[in-house]
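Chains, contacts and geometry: an overview
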Amino acid sequence: MSTNAYIKYLTQQLVEYFNLTKKERKEKRRHRKEDKNHGMSHWFGIVPFALSMFVRKTIKK
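Now for a description of the structure that goes with this document.

Cut-offs applied
- Residues numbered from 1 in each chain as written.
- Predicted model: local features only at pLDDT ≥ 70, side-chain atom pairs only at ≥ 80, totals over all residues.
- Heavy atoms only, no water.
- Patch = residues over 30% accessible without salt bridge, like charges linked within 9 Å, V, L, I, M, F, W, Y side chains within 5 Å.
- Areas by Shrake-Rupley, 256 points an atom, 1.4 Å probe, with all protein chains shown as cover.
- Salt bridge = Lys/Arg side-chain N within 4 Å of Asp/Glu carboxyl O.
- Lys, Arg positive; Asp, Glu negative; His and termini not counted.
- Charge placed at Lys NZ, Arg CZ, Asp CG, Glu CD.
- Helix = DSSP H or I, 4+ residues; strand = E, 2+ residues; numbered from the N terminus.
- Buried < 20%, exposed > 50% of the residue type's maximum accessible area, 1.4 Å probe, protein only.

What follows covers a positive patch on the surface. A surface patch of like charges, here positive, comprises Lys22, Lys26, Lys28, Arg29, Arg32, Lys33 and Lys36. Inspection of the secondary structure assignment puts Lys36 in the loop between helix H2 (22-35) and helix H3 (39-44).

Here the focus is a nonpolar patch on the surface. Side chains of Met1, Tyr6, Ile7, Tyr9 and Leu10 sit close together on the surface and give an oily, nonpolar patch of about 570 Å² of accessible area. Following the sequence through the fold, Met1 ends up in the segment before helix H1 (3-19). For Met1, a relative accessible area of 79% translates into the label exposed.

Take a look at the structure:
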């Protein structure tokens, strides 16, 4: 990708972002945040999560 094409893409994205209303931007950000996978489960599966729950449970007792 050439520098000009990259700058053109960035300016298009900025213009699209600034054309949204504040409410739409917040909604888009919230939606994007909800769709994210959590790091540990994404990279290592459910096992680290289960172990952490087990450890928390034993510490509370």
